[in-house]
Amino acid sequence: MATTRLLGDAEVEKIPAVKAVFDDIRATRKSDFVNNFWRGLANDPAALKRVWEQLKAVMVVDSAIDPLTKEMIYIAVSTANGCSYCIHSHTAAARAKGMTDAQHGELVSIIGLAGQTNHLVTAMQIPLDPQFEVK
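This is a predicted model, so every value here is computed, not measured.

Participant: Help me understand the overall build of the chain in this model?
Facilitator: Tallying secondary structure elements over the chain gives seven helices and zero strands in all. If you list the helices and strands of the chain from N to C, you get α-α-α-α-α-α-α. By the compact-globule yardstick of 14 Å for 135 residues, the chain is too spread out, its C-alpha radius of gyration being 18 Å. Split into buried and exposed, the 135 residues of the chain put 24% on the buried side. Long-range contacts, defined as pairs at least 24 residues apart, comprise 48% of the intrachain contacts of the chain with a sequence gap of at least 6. Accessible area for the chain stands at about 9,300 Å²; split by element, carbon and sulfur atoms hold 62% of it.

Shown next, in the form of structure tokens:
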């Protein structure tokens, strides 16, 4: 159950700042669907706009990292942070961008391995190798 109200389209229509962001979400994604994350964040129009602009600046623009890889990184970080909602939404986005079952399986294996080795290194407090330091 949400801890905040999720704004419906009728409510959004009455708040110009929120409607503008929702219209941009729909146009950017070429879909009428606006997911619950944005509907919850719409309770704070300034935060809604700020987070949407940040997301577009990182996830939507052409960059050195392709869109599918960005989504897969988002899945990995969301897993590390324990965000089930983000894992689901970005897995759906990754699949829409072409992620195969085999790629998803490898991603899950990498996430699991990284978590395991991260915990081991942390537990053993292994010092950094000088070769890995940025010079």
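Following the structure, the description resumes.
Participant: Please clarify how a nonpolar patch on the surface should be interpreted in this entry.
Facilitator: Taken together, L120, V121, M124 and I126 make up a surface patch of nonpolar side chains, about 370 Å² in accessible area. Assignment of secondary structure puts M124 in helix α7 (residues 101-124).

Participant: Even after reading the chapter, I still don't get the nonpolar core, so can you show me in this structure?
Facilitator: Looking at soluble globular proteins, one finds that nonpolar side chains tend to be buried together. One finds V18, F22, I25, W38, A42, L48 and W52 to be the most contacted residues of the largest nonpolar core, which totals 13 residues. For this core, the secondary-structure elements that each account for two or more residues are α2 (16-29) and α4 (45-60). In this structure, W38 is in contact with F22, I25, R29, L48, V51, W52 and L55, ignoring residues within four places of it in sequence.

Participant: What's the story with helix α5 (residues 67-81) in this structure? I'm lost.
Facilitator: Side chains that are three or four residues apart share a direction in an α-helix, a result of its 3.6 residues per turn. The terminal C-alpha atoms of α5, which comprises 15 residues, lie 21 Å apart, in line with the 21 Å expected from a rise of 1.5 Å per residue. Inspection of α5 places L68, K70, E71, M72, I75 and S78 among the buried residues, and these make up the whole buried set. Residues of α5 that are buried in the fold lie against α4, α6 (84-96) and α7. The N-capping residue of α5, defined by a side-chain oxygen 3.2 Å from the backbone nitrogen of L68, is D66. Once α5 finishes, G82 follows within two positions and takes phi at roughly 70°, a positive value.

Rules and cut-offs
- Residues numbered from 1 in each chain as written.
- Predicted model: local features only at pLDDT ≥ 70, side-chain atom pairs only at ≥ 80, totals over all residues.
- Heavy atoms only, no water.
- Helix = DSSP H or I, 4+ residues; strand = E, 2+ residues; numbered from the N terminus.
- Rg over C-alpha atoms; globule rule 2.2 N^0.38 Å.
- Buried < 20%, exposed > 50% of the residue type's maximum accessible area, 1.4 Å probe, protein only.
- Contact = heavy atoms within 4.5 Å.
- Areas by Shrake-Rupley, 256 points an atom, 1.4 Å probe, with all protein chains shown as cover.
- Patch = residues over 30% accessible without salt bridge, like charges linked within 9 Å, V, L, I, M, F, W, Y side chains within 5 Å.
- Salt bridge = Lys/Arg side-chain N within 4 Å of Asp/Glu carboxyl O.
- Core = buried A, V, L, I, M, F, W, Y, C linked by side-chain atoms within 4.5 Å.
- Expected span 1.5 Å × (residues − 1).
- Polar contact = N/O pair within 3.5 Å; in protein donor to acceptor, adjacent residues only side chain to side chain.

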